[in-house]
Amino acid sequence: MVDLRAFIFVPALVGSTLLGFLFLLHAASYYLSVLEGTAAGAKEIPWQSEALTDNFLKVFYLAWLIGLWAGPAYLIGRAVGPSEPWLKFVIPLLVMWALYPVSQLTSLSASTAWMPLNADVFARLAQKPAVTAGFFALTVPVYAVFGLAFKWAFLTKGEYPLLFVGMPLLAVSMLLYARLLGRLAFALLFTKDLLRRRKKKPRPEPVRRARVEEAEEPAPLAPQPSDLQPINTPDGELVGYNVLIADDDPPRPPRKRVKAQIADDGLPEPPPAHEPPAPAHRLERARTWADEDEDALPYEMKATEGKEPEKATLPSEVLKPRADEVALLDRHDAPKAPKQVWSGELFVFLGQPGTVYAILVLTALGLLAGMMVRVARTFDPTAGE
């Protein structure tokens, strides 16, 4: 007989792959939104709608940081306890719980997001031992719930009620872990960078003493045309013009121009046609007199009669700054060091409309992906009867 399970297995496998990748796209976007918003010091997560294509690289970014530790840990779990299946699942969780935060904190503080390790992170964690211990203590139950929910959702064959219970727990635990890790990053923001090398100021180079060199003998000058033999031509001897060299004496200044003047023959000068009166005010000195001028008094400047010209005024909307501009200048919303790092306000974000929407979307996509995984596992022709 023809095994018809393959006709159901292949579509179920393709559907689980597509829906699983769609679930990972949204999960990576929501996870990083909570992580980065909390690391910046925000009390409430600034949820923003993003295009689905913008989250494509986020999946591979998180896969790189998670797979860096989970992959080798899974291989170690299989090698250590081949007879204990639960070790294959517990060992990767323990390794992720201890080492993944270091890689994520390094990625947030490094010059490139793909850097997994940096010694500066260990130095900052050592400056906050109580905060670091509190983080690892709070994330133990979160990792336990996450691991159990992941097993119920994707690693259990059949038992659909466990799928409907595990997916909401998986979404909530994932966002809650991002919140705790972001809070740790925000607390480490106010620590000192102990490993930064201070740039040494370059020492000024010593002034080199100029050595007095002996004066060299001047180079012989090229002969001038006047020093050479003239050329005999039918018109006589021809001599060229000398060339002025910079070392020669500067040329003599040009002579003053001689102006022709009429000789005084003793005749009396004719009286002027019109002689203006002597100016009585200093402003009259700049006045040009003509033959038709009869008034010896200069014109006076008087103020304009009537209303004074109105001054141009800017509208109040331009002169008065807006509230957001005043806030930028005031910087009252700048992040400050938290007095208490781990408090109950960290869990308030779970009641935000954006957080509730993210949990519902992740739950719906996870249920669809989990159902397709269960169908594929049920009709897998390679599995035993």
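Check the entry above for the structure.
Residues numbered from 1 in each chain as written. Predicted model: local features only at pLDDT ≥ 70, side-chain atom pairs only at ≥ 80, totals over all residues. Heavy atoms only, no water.

## Structural notes on the packing of aromatic side chains
For any pair of aromatic rings, the description consists of the separation of the ring centres together with the inter-plane angle of the planes.
Okay, so step 1: What the rule picks out here adds up to 14 aromatic pairs.
Okay, so step 2: With a centroid separation of 5.9 Å and an interplanar angle of 65°, the aromatic rings of phenylalanine 21 and phenylalanine 56 are classed as edge-to-face. With phenylalanine 21 in helix 1 (residues 5-39) and phenylalanine 56 in helix 2 (residues 56-80), this pair connects stretches of sequence that are 35 residues apart.
Okay, so step 3: Exposure remark for phenylalanine 21: the relative accessible area of 30% places this residue in the partly exposed category.
Okay, so step 4: Judged by its relative accessible area of 42%, phenylalanine 56 falls in the partly exposed class.
Okay, so step 5: Here the aromatic rings of phenylalanine 135 and phenylalanine 136 are separated by 5.3 Å at their centres, their planes lie at 75°, and the arrangement is edge-to-face. (Phe/Tyr/Trp six-rings, centres within 6.5 Å; stacked < 30°, edge-to-face > 60°. Helix = DSSP H or I, 4+ residues; strand = E, 2+ residues; numbered from the N terminus. Buried < 20%, exposed > 50% of the residue type's maximum accessible area, 1.4 Å probe, protein only.)

## What to know about the nonpolar core
Okay, so step 1: Counting 56 residues, the largest nonpolar core has Tyr31, Tyr100, Leu181 and Leu184 as its most contacted members.
Okay, so step 2: Of all the secondary-structure elements, those providing two or more residues to this core are helix 1, helix 2, helix 3 (85-109), helix 4 (119-127), helix 5 (129-154), helix 6 (160-188) and helix 9 (353-378).
Okay, so step 3: Counting residues per element, this core draws most heavily on helix 6, at 15 residues.
Okay, so step 4: The contacts of leucine 181, once residues within four sequence positions are left out, are Tyr31, Leu35, Tyr100, Pro101, Gln104, Leu105 and Phe135. (Core = buried A, V, L, I, M, F, W, Y, C linked by side-chain atoms within 4.5 Å. Contact = heavy atoms within 4.5 Å.)

## So, a nonpolar patch on the surface
Okay, so step 1: Where nonpolar side chains cluster on the molecular surface, the patch consists of Phe21, Leu24, Phe56, Leu57, Phe60, Trp64 and Trp114 and spans about 690 Å² of accessible area.
Okay, so step 2: Counting residues per element, the ones that place at least two in the nonpolar patch are helix 1 and helix 2.
Okay, so step 3: The leading source of residues in the nonpolar patch is helix 2, at four residues.
Okay, so step 4: Inspection of the secondary structure assignment puts leucine 24 in helix 1.
Okay, so step 5: Note on leucine 24: relative accessible area 41%, which makes it partly exposed. (Patch = residues over 30% accessible without salt bridge, like charges linked within 9 Å, V, L, I, M, F, W, Y side chains within 5 Å. Areas by Shrake-Rupley, 256 points an atom, 1.4 Å probe, with all protein chains shown as cover. Salt bridge = Lys/Arg side-chain N within 4 Å of Asp/Glu carboxyl O.)

## Digging into unusual backbone geometry
Okay, so step 1: Its identity is not glycine, yet glutamate 159 carries a phi of approximately 50°, on the positive side.
Okay, so step 2: Turning to its location among the elements, glutamate 159 is positioned in the loop between helix 5 and helix 6.

## So, the environment of alanine 6
Okay, so step 1: Relative to the helices and strands, alanine 6 is located in helix 1.
Okay, so step 2: Residue class for alanine 6 comes out partly exposed when judged on its relative accessible area of 32%.
Okay, so step 3: Distance in space between the C-alpha atoms of alanine 6 and phenylalanine 379 is 7.0 Å, their sequence separation being 373 residues.

## A few points about the packing of helix 2 against helix 3
Okay, so step 1: Running from N to C, helix 2 and helix 3 cross one another at 145°; their axes reach a closest spacing of 8 Å. Regarding helix 2 and helix 3, the two cross each other, and that crossing is right-handed. The segment helix 2 lies against helix 3, with Tyr61, Leu62, Leu65, Ile66, Leu68, Trp69, Ala70, Ala73, Tyr74, Gly77 and Arg78 engaging Leu87, Lys88, Ile91, Pro92, Val95, Met96, Leu99, Tyr100, Ser103, Gln104 and Ser107.
Okay, so step 2: Along the lines of polarity and charge, the residues of the contact of helix 2 with helix 3 split into 16 nonpolar, four polar and two charged. (Axes fitted to C-alpha atoms, helices over the stretch in contact; angles between N-to-C directions. Left-handed = near helix turned anticlockwise from the far one by under 90°. Nonpolar A, V, L, I, M, F, W, Y, C, P; charged D, E, K, R; others polar.)

## Observations concerning helix 1
Okay, so step 1: In this model, helix 1 (35 residues) spans 49 Å end to end at C-alpha, consistent with the 51 Å of a helix rising 1.5 Å per residue.
Okay, so step 2: Positioned one or two residues after helix 1, glycine 41 has a phi angle of 95°, which is positive. (Expected span 1.5 Å × (residues − 1).)

## Some remarks on the packing of helix 1 against helix 6
Okay, so step 1: Packing of helix 1 against helix 6 leaves a shortest axis separation of 7 Å and a crossing angle of 30°. Taken together, helix 1 and helix 6 sit at an angle that is classed as roughly parallel. For helix 1 against helix 6, the interelement crossing comes out right-handed. Of helix 6, the residues touching helix 1 (which contributes Phe23, Ala27, Tyr30, Tyr31, Val34, Leu35, Thr38 and Ala39) are Met167, Leu170, Met174, Leu175, Tyr177, Ala178, Arg179, Leu181, Gly182, Arg183, Ala185 and Phe186.
Okay, so step 2: Among the residues making up the contact of helix 1 with helix 6, the classes are represented as 16 nonpolar, two polar and two charged. (Parallel < 35°, antiparallel > 145°, perpendicular 65-115°, else oblique.)

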